[in-house]
Each structure stands twice: as C-alpha cells, then as structure tokens.
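# Tertiary structure, described
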Amino acid sequence: MKYLIINGSPRKKNTWKIVKQAQKSIEGDFEEVHLIAQNIPICIGCMNCMMEGEENCPHFSKVNPIIEKIKECDGLIITSPVYAMNVTGLLKNFFDHTAYFYHRPEFFTKKALIVVSTAGAGQKKVANYIDETLRHWGFNKNYKITYACGGKDTLETKGIDKTAKKFSDDVKSRKIHSPKFMDILYFEVWKAMATSSDPIKADKEFWFSSGLVNYDFSPKVKLNPIKKAFSKLMYFIMKRAIK
Ligand SMILES: Cc1cc2nc3c(=O)[nH]c(=O)nc-3n(C[C@H](O)[C@H](O)[C@H](O)COP(=O)(O)O)c2cc1C
C-alpha cells in the first residue's frame, strides 16, 4: 500500500511525533510532502481554477505535483496543528488552491487519516473541518486522530495506534463504504449546476467528460435503494431550484 503524508505543520514536532507513532501501525510505503517546503504562494483569488480549469491556476506547477501524488496513493495522511482554533495557514492555503474539488470531486475510492494536535483546544473542530473538506473532494472514508499535548510529557500511544491500525486495515481491504446523505446531496448540487443552462465551463467539461452526469453517485461507490432514491430526489429538487 502507498501512503502519502501531507504535513500541514511548519515544523516536525508535536504533530509529527503523532504521525511517526501512527506509522508504526500502518503497513506500507510512505512519501512525505511538507507544505512548508513547497513554497506555494498565497491563493490570489483569481478563480481560474474554478471557472477555467485548475491548469489555469498561476500556481499550478506548485500545486499539481501534490495532487498527482494524492491520485497515486492508496491512503492519505494529512496533518495540522490547531492554529487560532483552525488549521494552519499552510494547510488552508493548500485547501484554497484545491477548492475546485468542491465543484469537481474526484477521489471516490480514497481514504484518509487526519492527524491534529493542539495545546488544549480546537482539535475536534479542526479535524472535522479537514474531514469535511476531504469529503467534498469525494473521499470515501476518513479516520481522525486528535491529540491535546498540553501538560503531557510522554505521548499516549494507545488511541493513536488503535485508529492508525483501523485506517491501515481499511485501506488494505479496499472496501468502499456507503456515502453519507450529505455527500450525496453535494454530489447532486454540483451535478445539477454543471447540467444547468448556464454552467461553469470547467465544471460542465468535467461532469460530462467523466460521465458522472449519468450516475446517482460515483459508479465506483455502491448506493443502496434508499440512497439511490434520495440522490434522484435531490437532483430533481436542485434542477428545479437552479432553474
Ligand atoms: C500560531 C499558533 C496558534 C495556536 N493556536 C492554538 C489554539 O487556538 N488552541 C490551542 O489549544 N493551541 C494552539 N496552539 C498550540 C499548537 O496547536 C500546539 O502546540 C501544537 O501541538 C503544535 O504542533 P506542532 O508541534 O506540530 O507545530 C497554537 C500554536 C501556534 C504556533
């Protein structure tokens, strides 16, 4: 199994120590991307990625090699310490550069392990934010390790090991989990937008060329009859709302 680690901390300290511990329970090969070393300029808000296609981003040459690595990996490990009750600016800047995935989700078979450290607060909120972002990208299943370092001299490893093993076993199994209703809703929102009478050019191109317009969700992910019906209903409602 191939794992990609995207480190959103600017240093290799508390968060990294947790990653190193987690790696002991994960079987596979690891590649590391430390965002601090990537020197991705701040997103300038040109909207080119969303409107014209991601290859038109002025920072495409910096961002795309990381995206290609995500495409190639079996499992993603993504990390951030809590900074002012949110992710680091480093990780947020990366997320800003990949916001087009909200419109054009791709990673329907991917699983992630989210690692968040903090002094004392915000870890759940930040892990949930990363989870939400990845789900918008299409991710199938995300695991979370959240850890408050304040006042602890030694790393408590039990919870880290348990979650890391679960993640590793799941990646190895290649099982595809059923999506949440919210994931289906967003899928239908963007599908309805892409098939509207005035679609965003890049979105229309993506949804039609990938064939996703013909499905209730990615064909790589099985929906039970209730979720299928929910998907069709959402599309119907969205089409009417957009009209
Ligand atoms: C700029 C900055 C903002 C921070 N904000 C918070 C915060 O809002 N809440 C908190 O509990 N810890 C906060 N911390 C503490 C870090 O989250 C904590 O020390 C973390 O484990 C550092 O991880 P690292 O060693 O990987 O950098 C902050 C630290 C920095 C440098």
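Residues numbered from 1 in each chain as written. Predicted model: local features only at pLDDT ≥ 70, side-chain atom pairs only at ≥ 80, totals over all residues. Heavy atoms only, no water.

## Notes on the site of the ligand
Near the ligand lie 16 residues; those nearest to it are Asn-14, Thr-15, Val-82, Ser-117 and Thr-118. One of the side-chain nitrogen or oxygen atoms of Ser-117 is found 2.7 Å away from an oxygen atom of the ligand. In the model, an oxygen atom of the ligand is placed 2.8 Å from a nitrogen or oxygen of the Thr-118 side chain. Relative to its unbound accessible surface of 640 Å², the ligand loses 71% to contact with the protein. Looking at the shell around the ligand, the elements that each hand over two or more residues are helix 1 (14-23) and strand 4 (111-118). Taken together, the residues that form the shell around the ligand break down as eight nonpolar, six polar and two charged. (Near = heavy atom within 4 Å. Polar contact = N/O pair within 3.5 Å; in protein donor to acceptor, adjacent residues only side chain to side chain. Areas by Shrake-Rupley, 256 points an atom, 1.4 Å probe, with all protein chains shown as cover. Helix = DSSP H or I, 4+ residues; strand = E, 2+ residues; numbered from the N terminus. Nonpolar A, V, L, I, M, F, W, Y, C, P; charged D, E, K, R; others polar.)

## Description of the domain arrangement of the protein
For the protein, the domain assignment lists domain 1 (2-173) and domain 2 (181-242). Relative placement of domain 1 and domain 2: their C-alpha centres are 26 Å apart. Counting residues at the interface gives 14 residues for domain 1, matched by 15 residues for domain 2. The largest contributions to the domain 1 side of the interface with domain 2 come from His-103, Arg-104 and Phe-108, which together make up 43% of the buried area. Inspection of the domain 1/domain 2 interface yields three salt bridges. Across the pair Asp-203 and Arg-104 runs a salt bridge, and its minimum N-O distance is 2.8 Å. Inspection of the region where domain 1 meets domain 2 yields seven residue pairs in polar contact (both at pLDDT 80 or more). Mapped by element, the contributors of at least two residues to the side of domain 1 that touches domain 2 are helix 3 (48-51), helix 6 (100-103) and helix 7 (123-137). (Domains from an automatic or database assignment. Contact = heavy atoms within 4.5 Å. Buried area = accessible area lost by both parts, 1.4 Å probe. Salt bridge = Lys/Arg side-chain N within 4 Å of Asp/Glu carboxyl O.)

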